[in-house]
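One-letter residues, chain by chain:
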Amino acid sequence: MQAKPLRSSSAGALTGTVRVPGDKSISHRALMFGALAIGETVVHGLLEGEDVLHTAAAMRALGAQAERGADNVWRVRGVGVGGLHEAAQVLDMGNSGTAARLLIGLVAGHPITSFFTGDASLNKRPMARVITPLEQMGASFVSRAGGRLPLAVIGRDDLVPVTYRLPVPSAQVKSAVLLAGLNTAGVTTVIEAEPTRDHSELMLRHFGATVTTEETEDGALAVSITGQPELTGREIFVPADPSSAAFPAVAALLRPGSEVLLRDVGMNPRRTGLYDTLVEMGADIGFENRRDQAGEPVADLRVRGGALKGVVVPAERAPSMIDEYPVLAAAAACAQGTTVMLGLKELRVKESDRLAMVAEGLTKCGVKVEVGADDSLTVHGTGAPPQGGATVATAMDHRIAMSFLVLGTATREPVQVDDGAFIETSFPGFADLMNGLGAKIERV
């Protein structure tokens, strides 16, 4: 992918009504679960970013049908639980850790051999966290050092159900184990000490699987799936991605006089940690027209610009906002006072070492920051616009790129990112949407 440097300059008030692209987590799952269902699954609002398109291609390679119609609605015809075929080619997951980890779990429960690869960024990310429980169930793997891609999965249709306690909070690992359990006789259970995204559980129930969640004696959650169900094709309405909505929301908060309405944003309580934090910082965010769509809560967000104050973000909130810390750091850089974000270890193994990348970029923009030995991030805001005037390295990370472009709407001097090409993986049309609201993002 050719590098695409972008520059963001100080903007006036942002105004307008927009719908950001569909939720990436839900889009991946709609394609995967539809591929395992009997009959047709109809998906409205699927995110057509590069990450999700890689998932669609993988499901076709494994024997399902997944195509967009002339009406922009996606239709998936599945092969039933256990019915995936061996792919004739390597499955390229692009930049998506979610797609790679979930699909590795899915094919582990089939008697086929599957080969996975990704782009340079994904191939650096650890897969051992999913390999460990799947090997306990009976699947076999051949991988690079550290369990990294490219790797081969030798699956089986006689996996053994397990009870697996997550060593770190991870919806991706939880989902991988549950999906391996789909074609496994008996009950497969994942125990999580801290609640993580539950999109898999909600959607599997929507398709007809028996998935239960119970609290254990020590306060953890035990999520169990009964194997070998018959899933039935369903209609799916994908809400606007709350992680993508975070970028125009924070940009609006940072510009006085702004008022932006973000439509149909997913409000799953395990995804709203950023918005809870912004409200604590004094943000003027109204949650209007709350409703449910296919089991997922949705609302329209009315965001008005205004002053923010520093806060302490507790570690236990991290699972509900792990992807939003970079853009929260941009907000904290413009707030009055110090913001401390605790428990950010998981940021070290995202598309980049996001903790280090955020700290480095903010420092270049004239913001005082500290990274703690406990993987905390402290940002000292003055209540005034930061200096800016820097070129920030993105390490092929779409969220780093978008976060610093948001910061550039409020800095005294423009902020440039060395490569914005990877924004297309999750937020196609990002610059156009932001500029339509009044931002000034341009190609260098």
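Note that the coordinates shown come from a computational prediction; the quantities given were computed from them, not determined experimentally. (Residues numbered from 1 in each chain as written. Predicted model: local features only at pLDDT ≥ 70, side-chain atom pairs only at ≥ 80, totals over all residues. Heavy atoms only, no water.)

**Side note on the packing of aromatic side chains**
The final tally for this structure, using the stated rule, is three aromatic pairs. A ring pair is formed by Phe 33 and Phe 207, whose centres lie 6.3 Å apart and whose planes are at 85°; its orientation type is edge-to-face. Highlighted residues: Phe 33 in helix α1 (residues 24-35) and Phe 207 in helix α6 (residues 199-207), separated in sequence by 174 residues. Judged on exposure class, the residue Phe 33 and its partner Phe 207 are both buried. Ring centres of Phe 247 and Phe 430 lie 6.2 Å apart, and the angle between their planes is 85°; on these two criteria the pair is classed as edge-to-face. Separated by 183 residues along the polypeptide, Phe 247 in helix α7 (residues 242-254) and Phe 430 in helix α12 (residues 430-437) bring together distant segments of the chain. (Phe/Tyr/Trp six-rings, centres within 6.5 Å; stacked < 30°, edge-to-face > 60°. Helix = DSSP H or I, 4+ residues; strand = E, 2+ residues; numbered from the N terminus. Buried < 20%, exposed > 50% of the residue type's maximum accessible area, 1.4 Å probe, protein only.)

**Points about the environment of Arg 7**
Along the chain, Arg 7 falls in strand β1 (residues 6-9). In this structure the C-alpha to C-alpha distance between Arg 7 and Leu 159, which are 152 residues apart in sequence, comes to 51 Å. Apart from residues lying up to four places away in sequence, Arg 7 is in contact with Leu 405, Pro 414, Val 415, Gln 416, Lys 440, Ile 441, Glu 442 and Val 444. (Contact = heavy atoms within 4.5 Å.)

**Points about the pairing of strand β3 (residues 40-44)**
As judged from the four bridges shared by β3 and strand β5 (residues 74-77), these two strands associate in the antiparallel manner. Considered in β5, the bridge of Val 43 is made with Trp 74. In the sheet, β3 pairs with strand β14 (residues 235-237) via three bridges, with the strands oriented parallel. Bridge pairing in β14 links Val 42 to Glu 235. (Pairing = 2+ DSSP bridges.)

**A few points about the pattern of salt bridges**
Tallied over the entire structure, the rule returns 30 salt bridges. A salt bridge links Glu 259 to Arg 302; its shortest N-O distance comes to 3.0 Å. Residue Glu 259 is found in strand β15 (residues 259-266), and its partner Arg 302 is found in strand β17 (residues 296-304); the two are separated by 43 residues along the sequence. Judged by relative accessible area, which is 33%, Glu 259 ranks as partly exposed. With its nearest N and O atoms 2.3 Å apart, the salt bridge here joins Arg 291 to Asp 264. Here Arg 291 is found in strand β16 (residues 284-293), whereas its partner Asp 264 is found in strand β15, with 27 residues between them in sequence. Take Asp 264: its relative accessible area is 11%, and that puts it in the buried class. (Salt bridge = Lys/Arg side-chain N within 4 Å of Asp/Glu carboxyl O.)

**Description of the packing of α7 against α12**
Where α7 meets α12, the closest approach of the two axes is 11 Å, and the angle between their N-to-C directions is 30°. Between α7 and α12, the angle falls in the class roughly parallel. Remark: the crossing between α7 and α12 carries right-handed chirality. On α12, the residues that touch Phe 247, Pro 248 and Ala 251 of α7 are Phe 430, Leu 433, Met 434 and Leu 437. Taken together, the residues of the contact of α7 with α12 sort by class into seven nonpolar, no polar and no charged. (Axes fitted to C-alpha atoms, helices over the stretch in contact; angles between N-to-C directions. Parallel < 35°, antiparallel > 145°, perpendicular 65-115°, else oblique. Left-handed = near helix turned anticlockwise from the far one by under 90°. Nonpolar A, V, L, I, M, F, W, Y, C, P; charged D, E, K, R; others polar.)

**A word on the packing of α1 against helix α3 (residues 97-108)**
Interhelical geometry of α1 versus α3 gives an angle of 25° and a closest axis separation of 10 Å. One finds that α1 runs roughly parallel with respect to α3. Once α1 is placed against α3, the crossing between them reads as right-handed. From α1, His 28, Arg 29 and Met 32 reach across to α3, where they touch Thr 98, Ala 99, Leu 102, Leu 103 and Leu 106.

**Focus: helix α4 (residues 128-137)**
What α4 keeps buried is the set Val 130, Ile 131, Pro 133, Leu 134 and Met 137. Residues of α4 that are buried in the fold lie against α3, β8 (140-144), β9 (148-154), β10 (163-165), α5 (171-182) and β11 (187-192). Gly 138 lies just past α4 and shows a positive phi near 125°.

**Examining the nonpolar core**
Core analysis: the largest hydrophobic core is formed by 77 residues, its most contacted members being Leu 278, Tyr 325, Met 341 and Leu 362. Setting aside anything within four residues of it in sequence, one finds Met 341 in contact with Val 313, Tyr 325, Leu 328, Ala 329, Ala 332, Asp 375, Ser 376, Leu 377 and Val 379. Ranked by size, the runner-up nonpolar core spans 68 residues in total, among them Ile 26, Ala 64, Met 137 and Phe 207. (Core = buried A, V, L, I, M, F, W, Y, C linked by side-chain atoms within 4.5 Å.)

**Focus: the environment of Gly 97**
By the element assignment, Gly 97 lies in helix α3. Exposure remark for Gly 97: the relative accessible area of 3% places this residue in the buried category. For the pair Gly 97 and Pro 126, spaced 29 residues apart in the sequence, the C-alpha separation amounts to 9.2 Å.

**Brief notes about unusual backbone geometry**
Here the bond from Leu 149 into Pro 150 is cis, since omega is -5°, no more than 30 degrees from zero. Along the polypeptide, Pro 150 turns up in strand β9. For Asn 72, which is not glycine, the phi dihedral falls at a positive 65°. The residue Asn 72 is located in the loop between β4 (65-68) and β5 in this model.

**Digging into the sheet that holds β17**
The strand order β2-β15-β17-β16 describes an open sheet built from four strands, whose pairing is mixed. Two strands close off the open sheet at either side, each with one partner strand: β2 (15-18) and β16. Here the average twist between neighbouring strands, direction ignored, is 15°. Note: β16 against β17, eight bridges, orientation antiparallel. The partner of Gln 293 across the bridge, within β17, is Glu 296. The strands that α7 touches are β15, β16 and β17; relative to β15, the one it contacts most, it runs at about 165°.

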